[in-house]
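Listed below, chain by chain, are the residues.
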Amino acid sequence: AFPIKPYIELLIGGSGVKNGSTSFAARYVLGADTTILPHVDWRVLDFSGGLNNIAGSHPKTISTGLVLRF
């Protein structure tokens, strides 16, 4: 059995565009990793979403991949 390591990340800060407008921005990340080799994890699922008040957008991403731990 592969042990699953869930994680949650919350990022807050500011965003800006070329014309000088700045605004609040936030992003959250949820996911799960499992170790497949020493120092190598497989990021089984990585889902992120956020808010950017300048563009009024709510971008979302879903990804998977390898994590190298040093």
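Residues numbered from 1 in each chain as written. Predicted model: local features only at pLDDT ≥ 70, side-chain atom pairs only at ≥ 80, totals over all residues. Heavy atoms only, no water.

1. Quick look at the overall build of the chain
- When its secondary structure is counted, the chain shows zero helices and four strands.
- C-alpha atoms of the chain, sized along the principal axes, occupy 50 × 20 × 15 Å.
- Pairs at least 24 residues apart make up 41% of the contacts formed inside the chain by residues separated by at least 6 positions.
- Only carbon and sulfur atoms are counted for the fraction: they give 68% of the accessible area of the chain, which is about 5100 Å². (Helix = DSSP H or I, 4+ residues; strand = E, 2+ residues; numbered from the N terminus. Contact = heavy atoms within 4.5 Å. Areas by Shrake-Rupley, 256 points an atom, 1.4 Å probe, with all protein chains shown as cover.)

2. What about the pairing of strand β2 (residues 22-37)?
- Relative to β2, strand β1 (residues 4-16) runs antiparallel, the two being bridged by 13 bridges. Directly across from P6, in β2, lies its bridge partner A32.
- Here β1 folds back onto β2, and the loop between the two strands holds five residues, one of which, G20, carries a positive phi near 100°.
- Adjacent in sequence and paired antiparallel, β2 and strand β3 (residues 40-52) are bridged by two residues, among which H39 carries a positive phi angle near 70°. (Pairing = 2+ DSSP bridges.)

3. As for the sheet that holds β3
- With respect to topology, four strands assemble into an open sheet ordered β1-β2-β3-β4, the strand pairing being antiparallel. Two strands close off the open sheet at either side, each with one partner strand: β1 and β4 (60-68). Across the sheet, the mean angle from the axis of one strand to that of its neighbour is 20°, orientation sign disregarded.
- With eight bridges connecting them, β3 and β4 associate as antiparallel partners. Residue pairing in the sheet places G49 in a bridge with K60 of β4. (Axes fitted to C-alpha atoms, helices over the stretch in contact; angles between N-to-C directions.)

That is the geometry; function is a separate question.
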